[in-house]
Amino acid sequence: MGLGKTCSVITALSKLVQDSIEPVQVLIVTPAHLKFVWIEEFEKFADYRVEIEMHHRTQLRYYFIHPELTKTAIVTIINYDILHSRLPDLVKKNYTVLVCDESHYLKTLTTKRTKAVIALTKNIQSLKYIWLLSGTPTTKDAMDLFSQLKILNHPLAENYIYFAKKYANMKEVEKFGRKIKVFSFSNEDELRYELYSSCMIRRTKDQVLHELPEKTRQIIVLDSDEVEELINQEKEILKTITASEEEIDEILTDPMKMPKTTMLARVRQELALKKIPVVVNFIEEVLSDQNKVVVFAWHRTVIYSLMEALKKVYPQSMIISITGEDTQETKAKAIQLFQNHENPRILICSIAAVSTGVTLTAASTCIFIESDWIPAHIVQAEDRLHRIGQKNPVFVYHFTFDRSVESRILKKMFHRKEKIEKVLEAKHV
């Protein structure tokens, strides 16, 4: 999360490249939106020749960085989404290093991407180094770590049930008429020791960025009187999921357990749309004494509606958006414009589209007109501003309606974040 993971890998590769007679072959697996970031980082930090083969869904592209140099790294960059379809070709190559960027994408054993990465580690005999990169290796419970440890062939991942019971407090409970397994954390101190003594290096902003300004987060709770009907609809929808207030409270503590319902998504979107007039006014206040602001949203309808409202106040040249519909090239161009030019001053973007690997330090204020329901995703989005290159204090504002599902989740998610940090904290190891 802006602490130089990519730079660290490129620097570590330098040692391998300089010590090797033959070119070093490297496979980098990454989310699609970060593929071009690796090219930019190699251009900045590599002190060796880099020959890149980048896989896209329908084509290959090739890039050559520092071609004047002799020592060489031959790098394949591919995104998780298409990895399984390219396995037959990739396992035939003699890669020395496997890098999995944003490795929390691999937290579920049964997904195609995780199975594909495990297949790589089992079938590429030349592999000597496996490096997993993540600012948030676990986002909800200890089981998020299991598959990543399995990729590393770590002894802790030899027995799923043993790990689940010892470190994830596995319990079997009856919910919604069926038995399900639920996980959390247990034996946190021992787990932390095992991780740091064997395979994990973690750098926090406090440790490596003493000059980085603090980040201030504020939840702005709006009066819900004008949206009372929508708030009541949320309550009724929750009752259809479970009649128990205790179970509702548990679901809101971990919204990933909430059954998918289009009704709740619709109400969530309508509530976000109701915030637009307030958020527009707030943006005007921010821009009265700051140059730029970033607004995060979840639904594309909310993004487009906010843009239309802002166009009534500001010229179109001041406003730009990024959504999941944009190509990587379009997204990269939008970020470059926002970072390096006076206009646009307002960037409205999907939380999912820019949650990782993107730098938005041209702004020091961000606004969430609607929030993701997973704490790590919120922090990742916030840290697009709060990262290397930021010269000002960062202010984060979450807008929510009183008594809404979102307001309850926001309060609980920041409490859960403290639990996660207990496992990942290094100071007592």
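Look up a bit, the structure's there.
All figures in this text were calculated on a predicted structure; none of them were measured in a lab. Note that residues are indexed from 1 along each chain, following the sequence as it is written. Thresholds applied to this predicted model are a pLDDT of at least 70 for local features of residues and 80 or more for the giving and counting of side-chain atom pairs; totals over whole chains, interfaces and linings are not thresholded and use all residues. Side-chain metrics in this entry use all non-hydrogen atoms of the structure; hydrogen atoms and water are not considered.

*Asks:* I'm lost on the environment of Tyr-397 in this one. Help?
*Replies:* By the element assignment, Tyr-397 lies in strand S14 (residues 394-401). The spacing of Tyr-397 and Arg-217 is 180 residues in sequence and 6.0 Å in space, taken between C-alpha atoms. In this structure, Tyr-397 is in contact with Gln-218, Ile-220, Phe-282, Thr-365, Cys-366, Ile-367 and Phe-368, ignoring residues within four places of it in sequence. Helix and strand assignments come from DSSP, with helices taken as H or I runs of at least 4 residues and strands as E runs of at least 2, each series counted from the N terminus. The contact criterion used throughout is that any non-hydrogen atoms of two residues lie within 4.5 Å.

*Asks:* Help me out: how do you make sense of the pattern of salt bridges in this one?
*Replies:* Once their charged atoms are close, side chains differing in charge can pair, the charge on each being opposite to the other. The salt bridge criterion pairs a side-chain nitrogen of Lys or Arg with a carboxyl oxygen of Asp or Glu, the two atoms within 4 Å. Summed over the entire model, instances satisfying the criterion amount to 16 salt bridges. The partner of Glu-41 in a salt bridge is Lys-44, and the shortest N-O contact between them spans 3.6 Å. Placement of the pair is Glu-41 and Lys-44 together in helix H2 (residues 35-45), with a separation of three residues, close to one helical turn. By relative accessible area, Glu-41 is classed as buried at 15%. The cut-offs for exposure are 20% and 50% of the maximum accessible area for each residue type, with area from a 1.4 Å probe on protein chains only; residues under the lower value are buried, those over the upper are exposed, and the others partly exposed. Judged by its relative accessible area of 59%, Lys-44 falls in the exposed class. If you follow the salt bridges from partner to partner, you end up with Lys-140, Asp-141 and Asp-144 in one network.

*Asks:* Help me out: how do you make sense of the packing of aromatic side chains in this one?
*Replies:* The geometry of two aromatic rings is summed up by the distance between their centres and the angle between their planes. When two rings of Phe, Tyr or Trp (its six-membered ring) have centres within 6.5 Å they constitute a pair, described as stacked for plane angles under 30 degrees, edge-to-face for angles over 60, and tilted for the intermediate range. Tallied over the entire structure, the rule returns nine aromatic pairs. With centroids separated by 5.3 Å and ring planes inclined at 55°, the aromatic side chains of Phe-163 and Tyr-167 adopt a geometry described as tilted. Residue Phe-163 and its partner Tyr-167 are both found in helix H6 (residues 160-167); the two are separated by four residues, about one turn of the helix. Here Phe-163 matches Tyr-167 in class, with each residue buried. One aromatic cluster is present, built from ring pairs that chain together Phe-146, Tyr-160, Phe-163 and Tyr-167. Lysine and arginine charges are scored as sitting over a ring when NZ or CZ, respectively, is within 6 Å of the ring centre and within 35 degrees of the ring normal. Here Lys-292 stacks its cationic end above the ring of Phe-338, 4.7 Å away from the centre of that ring.

*Asks:* Even after reading the chapter, I still don't get a nonpolar patch on the surface, so can you show me in this structure?
*Replies:* Together, Leu-60, Tyr-62 and Phe-64 give the surface a local cluster of nonpolar side chains, amounting to about 320 Å² of exposed area. For Tyr-62, a relative accessible area of 49% gives the class partly exposed. A residue counts toward a patch only above 30% relative accessible area and without a salt bridge, and it is joined to like-charged neighbours within 9 Å or, for Val, Leu, Ile, Met, Phe, Trp and Tyr, to nonpolar neighbours within 5 Å. Surface accessibility in these figures is a Shrake-Rupley result with a 1.4 Å probe; residues are shielded only by whichever protein chains are displayed.

*Asks:* What should I look at first to understand unusual backbone geometry in this one?
*Replies:* Glycine aside, a negative phi is what most residues show, and trans is what most peptide bonds show. Pro-344 follows Asn-343 through a cis peptide bond whose omega is 5°. With respect to the helices and strands, the residue Pro-344 is situated in the loop between helix H14 (328-340) and strand S12 (346-350). Even without being glycine, Glu-102 reaches a positive phi, approximately 50°. Mapped onto the fold, Glu-102 is located in the loop between strand S5 (97-100) and helix H4 (112-123). Classification of Glu-102 as buried rests on a relative accessible area of 6%.

*Asks:* Mind showing me how you'd approach the environment of Thr-110 here?
*Replies:* Structurally, Thr-110 can be placed in the loop between S5 and H4. Accessibility expressed as a relative area gives 61% for Thr-110, which makes it exposed. Residues Thr-110 and Ser-147, spaced 37 residues apart in sequence, show a C-alpha to C-alpha distance of 9.3 Å.

*Asks:* For this particular structure, what's the right way to read the sheet that holds strand S2 (residues 49-55)?
*Replies:* In spatial order, the strands read S3-S2-S4-S1-S5-S6; together these six strands make up an open sheet with mixed pairing. Edge positions in the sheet fall to strand S3 (60-65) and strand S6 (129-132), since each of these pairs with one other strand and no more. Neighbour to neighbour, the strand axes of the sheet diverge by 15° on average, direction disregarded. For S5 and S6, the ladder comprises four bridges, and the chain directions are parallel. Among the inter-strand pairings, Cys-100 is bridged to a residue of S6, identified as Leu-132. Lines are fitted to the C-alpha atoms to define the axes, a helix being fitted only along its stretch in contact, and any angle between axes, read from their N-to-C directions, falls within 0 to 180 degrees. Together, strand S1 (24-30), S2, S3, strand S4 (72-79) and S5 form the strand contacts of H2, whose direction differs from that of S2 by roughly 175°. For two strands to count as paired, DSSP must find a minimum of two bridges between them.

*Asks:* Would you explain the packing of helix H12 (residues 276-287) against helix H13 (residues 300-311) in this entry?
*Replies:* Interhelical geometry of H12 versus H13 gives an angle of 55° and a closest axis separation of 10 Å. Here H12 lies oblique to H13, going by the angle between them. Handedness of the H12/H13 crossing: right-handed. Side by side, H12 and H13 meet where Ile-276, Val-279, Val-280 and Ile-283 of the first sit next to Val-302, Ser-305, Leu-306, Ala-309 and Leu-310 of the second. Considered class by class, the residues forming the contact of H12 with H13 number eight nonpolar, one polar and no charged. Put simply, angles under 35 degrees are roughly parallel, angles over 145 are roughly antiparallel, angles from 65 to 115 are roughly perpendicular, and the rest are oblique. Handedness of a helix crossing follows the sense of rotation of the near helix relative to the far helix, less than a right angle counterclockwise being left-handed and clockwise being right-handed. Each residue gets one label: Ala, Val, Leu, Ile, Met, Phe, Trp, Tyr, Cys and Pro are nonpolar, Asp, Glu, Lys and Arg are charged, and the others, such as Gly, are polar.

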